[in-house]
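# Coordinate inspection notes
What follows is each chain in one-letter form.
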Amino acid sequence: MNPPVTTSQPSASKPSLAGLTMAELAEKLVAVGVEPKKAKMRAEQLWRWIYHYGVTDFSAMTNVAKELRATLAQHYTLARPEIVTQQLSTDGTRKWLIRLGPGTEAEAVFIPGVGRAGALCVSSQVGCTLNCTFCHTGTQKLVRNLTAQEIVAQVMIARDALGEWPTQERPLNDGDRQLTNIVFMGMGEPLYNLDNVDAAIDVISDGDGISISRRRITVSTAGVAPKIAELGERTGAMLAISLHATNDALRNQLVPLNKKYDLEELFAAIRAYPQLSNAKRVTFEYVMLKGVNDSLPEAKALVKLLAGIPAKINLIPFNPWPGTQYECSDWDTIERFAEVLNRAGYSSPIRTPRGRDILAACGQLRSESVKQRASERLKAEAAQ
């Protein structure tokens, strides 16, 4: 394992345009004197440079008038948020701890060999409210929701690190990409921040920019049933369910949100997910906990629970973290569990643990951020 690398980036006094939506870019242009009638066209020019080419300097925008470039540089930057640490696992997994404001940090993880070529696991909140007992993130209280800009910035940071931005001399087509999939499986519950998740997906999937298809963007929820249909209608993203148990009694312990939205309500919402089909299957995540949820009767109960739903089941060997009460199921137990699912006709890959040595694996993400009072946060931001 490589040691953590700390990057020192000076805090910018000027706001960054990187990560903004098209409408927000147009607003920023009007704010510096661009005529409202021309703002949309100018925003489209900036969009291409920011999200297709990933430029970090306004001077690179060769089809934008010099006077406008100078004005933009006077008022804005194209900087990404500060990278506090970046770590590289022995298996190629990369993890970034990103500072999004004073005392506010979140993690993002790139996993090679997942999806078409590689997947970026992004966070939607700093901390989490759900307190799933097997999840390290759940031990961190919610600090705040991330903005759409902060979510998009995680993708831009990963593309910077991977050298994924094309140039006019070196076009980069989809077959050359390392980062082909986005999974909202990092810190937080995405459906409790749906407005910002939706806006971020709009930016990430736009064909004139980062251009990652909505079919390659997966949003995982612990089971916020009332928001599931809305997620599908607004984003068109793939749905994943953090399940982990086949009965309410056990799921109440593992995923306390189940006390609010039980399995019956959850599965009614899943069955109503827009465009659900064999081409658009639901992914069910099931962490394998030794002696807790890994018996053959539970495997058979899972098959019964999923009846009639186009589904794929990811079996996740539990990834330990400091202070946890759980152990990972034995490998033979996991294989027998998978065999029951396979015989029933379900794809049920056993997810190879990735990034365990840098606490980047599923359920291991956590930052040291703590919630501040609004007055304290505003004072810290002013000082910065």
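About the criteria used
Residues numbered from 1 in each chain as written. Predicted model: local features only at pLDDT ≥ 70, side-chain atom pairs only at ≥ 80, totals over all residues. Heavy atoms only, no water. pLDDT = per-residue confidence, 0-100. Helix = DSSP H or I, 4+ residues; strand = E, 2+ residues; numbered from the N terminus. Contact = heavy atoms within 4.5 Å. Buried < 20%, exposed > 50% of the residue type's maximum accessible area, 1.4 Å probe, protein only. Pairing = 2+ DSSP bridges. Salt bridge = Lys/Arg side-chain N within 4 Å of Asp/Glu carboxyl O. Axes fitted to C-alpha atoms, helices over the stretch in contact; angles between N-to-C directions. Parallel < 35°, antiparallel > 145°, perpendicular 65-115°, else oblique. Nonpolar A, V, L, I, M, F, W, Y, C, P; charged D, E, K, R; others polar. Core = buried A, V, L, I, M, F, W, Y, C linked by side-chain atoms within 4.5 Å. Left-handed = near helix turned anticlockwise from the far one by under 90°.

### A few points about the confidence of the model for the protein
Mean pLDDT over the protein stands at 87; residues scoring 70 or higher make up 86%. For the protein, per-element mean pLDDT is lowest for strand β1 (residues 5-6), which scores 41, and highest for helix α5 (residues 194-205), which scores 98. Every residue in residues 363-369 scores below 50 in pLDDT, and together they form 37 contacts with partners more than four places removed in sequence or on other chains.

### Considerations on the pairing of strand β10 (residues 238-242)
Here β10 lies mainly inside the structure; five of its five residues are buried. Alternating residues of β10 divide into Met238, Ala240 and Ser242 and Leu239 and Ile241, and every residue in both groups is buried. The pairing of strand β9 (residues 217-221) with β10 spans four bridges and is classified as parallel. When the sheet's bridge partners are listed, Ser220 is paired in β10 with Ala240. Where β10 lies against strand β11 (residues 282-288), three bridges are found, and the strand directions are parallel. Across the sheet, residue Ala240 finds its bridge partner in β11, namely Thr283.

### Some words on the pattern of salt bridges
According to the stated counting rule, one finds 13 salt bridges in the structure shown. Among the salt bridges present, the one from Lys95 reaches Glu107, with a minimum N-O distance of 3.3 Å. Of this pair, Lys95 sits in strand β3 (residues 94-101) while Glu107 sits in strand β4 (residues 104-112); the two residues are twelve residues apart in sequence, bridging distant segments of the chain. Residue classification places Lys95 among the buried positions, given a relative accessible area of 7%. A salt bridge links Arg343 to Glu339, with the shortest nitrogen-to-oxygen separation between them at 2.7 Å. With Arg343 and Glu339 both in helix α10 (residues 331-343) and four residues apart, the pair spans about one turn of that helix. One salt-bridge network, in which partners are shared between bridges, spans Asp195, Asp198, Lys227, Glu230 and Arg234.

### With respect to the packing of helix α6 (residues 225-235) against helix α8 (residues 263-271)
Across the interface, α6 lies against α8 with an axial gap of 8 Å and an inter-helix angle of 10°. Classified by the angle their axes make, α6 and α8 are roughly parallel. Of α8, the residues touching α6 (which contributes Ala225, Pro226 and Ile228) are Glu265, Leu266 and Ala269. When grouped by side-chain class, the residues that make up the contact of α6 with α8 number five nonpolar, no polar and one charged.

### What to know about the nonpolar core
Counting residues in each nonpolar core, the largest one holds 111 residues, and the members touching the most others are Leu17, Phe134, Ile182, Phe267 and Phe284. Element by element, the count of residues in this core is highest for helix α4 (residues 148-162), at eight residues. Not counting the four nearest positions on each side in its chain, Phe134 is found in contact with His244, Leu254, Val255, Val287, Leu289, Phe318, Trp321 and Tyr326.

### Structural notes on the packing of α5 against α6
Contact geometry for α5 and α6: axes closest at 10 Å, N-to-C directions at 25°. In terms of orientation, α5 and α6 fall into the roughly parallel class. The two elements α5 and α6 meet at a crossing, and its hand is right-handed. When α5 is examined against α6, the residues Leu194, Asp195, Asp198 and Ile201 are found in contact with a partner set consisting of Lys227, Glu230, Leu231, Arg234 and Thr235. Looking at side-chain class alone, the contact of α5 with α6 contains three nonpolar, one polar and five charged residues.

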